[in-house]
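Single-letter residue listing:
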Amino acid sequence: MTTPPPFPNALRDRQLVVVDVEGNGQNPPEIIEIALLPVDGPVTAEALRSWLIKPHQPVTPIVTRKVHGITNADLADCPQWHEVADDIDSVLSRRVMIAHNAAVERRVLAAHLPDWNPPLILDTLRLAKSIWQRLESYSLDKLIERGRLDTAAAGQGYHRARYDTWAAWQLLCALIEDGGLEWPDLVEAAGLAEFRPTPEPEGGLW
């Protein structure tokens, strides 16, 4: 078994939540599965929370077949979004959000939770491109291989929400360790554009 990355000092005393959502393949997409990992210090996969959600529009066959494997039958007896939205919002609220290719998760979540306003969003895809440069692929499965990350504890396969959430957390820790990053470095390297600090102007007249 691979030893998990240590809990990074850069994240101490931070309130975080790692997120992954899976959709129904429609346009606009509806969330059919979401996993959240709230982080206030060292965590295990037992802290993962996940929901299966019945959408208004059916899951398309192509995303079932090629992406997550979730069928309409799997969701037939699951709650609809409005029944779980408050529970999900309570976990997300006031926490720094972390996700792989975070702009996508943010866009989908914002459509489902119009009042959600995260203080910061960190993207493990952007961070991986900064720390592990010149890789042929930055897909989550390839980064798991590159980092030799232990994802077995998630209890699901690739492209299910719990698995991808736990993998993104393991990836974040590994990248912070490999990059020797402190919190300001992490925000600069992984923050979505609107959350990164504006550079100070160089020289000029005042």
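Residues numbered from 1 in each chain as written. Predicted model: local features only at pLDDT ≥ 70, side-chain atom pairs only at ≥ 80, totals over all residues. Heavy atoms only, no water.

### Regarding the layout of surface pockets
- Roughly 460 Å³ of volume is contained in the largest pocket.
- Taken together, 26 residues make up the lining of the largest pocket; nearest its centre are Val21, Glu22, Val104, Glu105 and His159.
- Counting only elements with at least two residues in the lining of the largest pocket, the list comes to β1 (16-23), α1 (61-68), α4 (102-112) and α7 (161-179).
- Of the residues forming the lining of the largest pocket, the biggest block, five residues, is contributed by β1. (1 Å grid on protein atoms, 1.4 Å probe; cavity = no way out; pocket = protein on both sides within 12 Å on 5 of 7 lines; lining within 4 Å. Points joined across faces, edges and corners; volume = space filled by probe spheres on them. Helix = DSSP H or I, 4+ residues; strand = E, 2+ residues; numbered from the N terminus.)

### Things to note about helix α5 (residues 124-131)
- For α5, the set of buried residues is Thr124, Leu125, Leu127 and Ala128. Angularly, the buried residues of α5 cover 160° about the axis, an arc narrow enough to put them on a single face.
- For α5, the secondary structure elements touched by its buried residues are β4 (96-99), β5 (121-123), α6 (140-147), α7 and α8 (183-190).
- Near the N-terminus of α5, the side chain that reaches the backbone nitrogen of Leu125, with its oxygen 3.0 Å away, is that of Asp123. (Buried < 20%, exposed > 50% of the residue type's maximum accessible area, 1.4 Å probe, protein only. Arc of directions from axis to C-beta. Contact = heavy atoms within 4.5 Å. Polar contact = N/O pair within 3.5 Å; in protein donor to acceptor, adjacent residues only side chain to side chain.)

### Describing the pattern of salt bridges
- Within the structure shown, the criterion is met by three salt bridges.
- The closest approach of N and O atoms between Asp40 and Arg95, which form a salt bridge, is 2.9 Å. Of the two residues, Asp40 sits in the loop between β2 (31-39) and β3 (49-52) while Arg95 sits in the loop between α3 (81-92) and β4, which places them 55 residues apart along the sequence.
- Look at Arg95 and you get buried, because its relative accessible area is 13%. (Salt bridge = Lys/Arg side-chain N within 4 Å of Asp/Glu carboxyl O.)

### Focus on the packing of aromatic side chains
- Counted according to the given criterion, the structure contains two aromatic pairs.
- Measuring from centroid to centroid gives 6.0 Å for Phe7 and Trp169, while their planes differ by 45°, and the two rings are tilted. Within this pair, whereas Phe7 is found in the segment before β1, its partner Trp169 is found in helix α7, the two being separated by 162 residues in sequence.
- On the accessibility criterion, Trp169 (3% relative accessible area) is buried. (Phe/Tyr/Trp six-rings, centres within 6.5 Å; stacked < 30°, edge-to-face > 60°.)

### As for the nonpolar core
- Core analysis: the largest hydrophobic core is formed by 64 residues, its most contacted members being Ile88, Trp169 and Leu186.
- The element that contributes the greatest number of residues to this core is α7, accounting for eleven residues.
- Residue contacts for Ile88: discarding those within four places in its chain leaves Ile34, Leu36, Trp51, Ile53, Trp81 and Leu113.
- Ranked by size, the runner-up nonpolar core spans six residues in total, among them Ile32, Ile70, Leu75 and Cys78. (Core = buried A, V, L, I, M, F, W, Y, C linked by side-chain atoms within 4.5 Å.)

### Points about the UniProt feature "domain: Exonuclease" (unreviewed entry) in the protein chain
- When the UniProt feature table is mapped onto this chain numbering, "domain: Exonuclease" (unreviewed entry) sits at residues 15-181.
- As annotated, residues 15-181 comprises 42% helix and 17% strand, and the C-alpha atoms at either end are separated by 17 Å. (UniProt positions renumbered as here; feature names shortened; annotations may be inferred.)

### Brief notes about the packing of α5 against α8
- Following both chains from N to C, one finds α5 and α8 inclined at 105°, their axes separated by 8 Å at the closest point. With respect to their mutual orientation, α5 and α8 come out roughly perpendicular. Counted together, Arg126, Leu127 and Ser130 of α5 and Leu186, Glu188, Ala189 and Ala190 of α8 form the full contact between these two elements.
- Here the residues of the contact of α5 with α8 sort into four nonpolar, one polar and two charged. (Axes fitted to C-alpha atoms, helices over the stretch in contact; angles between N-to-C directions. Parallel < 35°, antiparallel > 145°, perpendicular 65-115°, else oblique. Nonpolar A, V, L, I, M, F, W, Y, C, P; charged D, E, K, R; others polar.)

### Overview of the side chain of Asn24
- In this structure, Asn24 sits in the loop between β1 and β2.
- According to the relative accessible area criterion, Asn24 is buried, its value standing at 0%.
- Within polar-contact distance, the side chain of Asn24 engages the backbone nitrogen of Gln26 at 3.2 Å.
- Side-chain polar atoms of Asn24 contact the backbone oxygen of Gln57, separated by 3.2 Å.
- Residue contacts for Asn24: discarding those within four places in its chain leaves Pro29, Glu30, Ile32, Pro55, Gln57, Pro58, Val59, Thr60 and Val63.

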